[in-house]
Amino acid sequence: MQPPSPQALSSQPLLLHGFWQVFGVGFAGGLIGDLVLIWEARTTGAPPLYTKKIFYWFCVLSMAVGGGLLTVLYGVAEVQAFLALNIGASAPFILKSLATGIQKFPKID
């Protein structure tokens, strides 16, 4: 059997294997949104006041863990890295839609 050509290898997606790889990339995706906001705020000269509060960082880390766990729920065998990063980054929106989608059932008299 011949090894794949360099062109074939370069067109292959980066695949993740196992819980920790998938979780780690999803976790990183969960951090991206907040880190981009902080990066954009650098132009004002001072970091936003909320970045100095422990509760903010607790929420950021919680959302990142949620992003990692949501990514793992999609699977851990041969997961494309960009897909895992995207799922982690969209975790806040996914979790918010799940939370707001749960409504109380109407009472049946």
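Remember, it's a predicted structure, so these values are computed and weren't measured experimentally.

A look at a nonpolar patch on the surface
Among the surface-exposed residues, Phe19, Trp20, Val65, Leu69 and Val76 lie close enough to one another that they form a single nonpolar patch of about 470 Å² accessible area. Put simply, the parts of the chain that give the nonpolar patch at least two residues each are α2 (19-41) and α3 (54-73). As for its position among the elements, Leu69 is in helix α3. Classification of Leu69 by relative accessible area gives partly exposed; the value is 44%.

Points about the side chain of Thr51
Position of Thr51 among the secondary structure elements: in the loop between α2 and α3. The class of Thr51 is buried, set by a relative accessible area of 12%. Engagement of the side chain of Thr51 in a polar contact is seen with the backbone oxygen of Pro48, the distance being 2.6 Å. Look past the residues within four positions of Thr51 in its chain and what remains in contact with it is Ile38, Tyr56 and Trp57.

Observations concerning the environment of Gly18
Position of Gly18 relative to the elements: it lies in the loop between β1 (15-16) and α2. Residues Gly18 and Val76, spaced 58 residues apart in sequence, show a C-alpha to C-alpha distance of 5.0 Å.

Parameters at a glance
Residues numbered from 1 in each chain as written. Predicted model: local features only at pLDDT ≥ 70, side-chain atom pairs only at ≥ 80, totals over all residues. Heavy atoms only, no water. Patch = residues over 30% accessible without salt bridge, like charges linked within 9 Å, V, L, I, M, F, W, Y side chains within 5 Å. Areas by Shrake-Rupley, 256 points an atom, 1.4 Å probe, with all protein chains shown as cover. Salt bridge = Lys/Arg side-chain N within 4 Å of Asp/Glu carboxyl O. Helix = DSSP H or I, 4+ residues; strand = E, 2+ residues; numbered from the N terminus. Buried < 20%, exposed > 50% of the residue type's maximum accessible area, 1.4 Å probe, protein only. Polar contact = N/O pair within 3.5 Å; in protein donor to acceptor, adjacent residues only side chain to side chain. Contact = heavy atoms within 4.5 Å.

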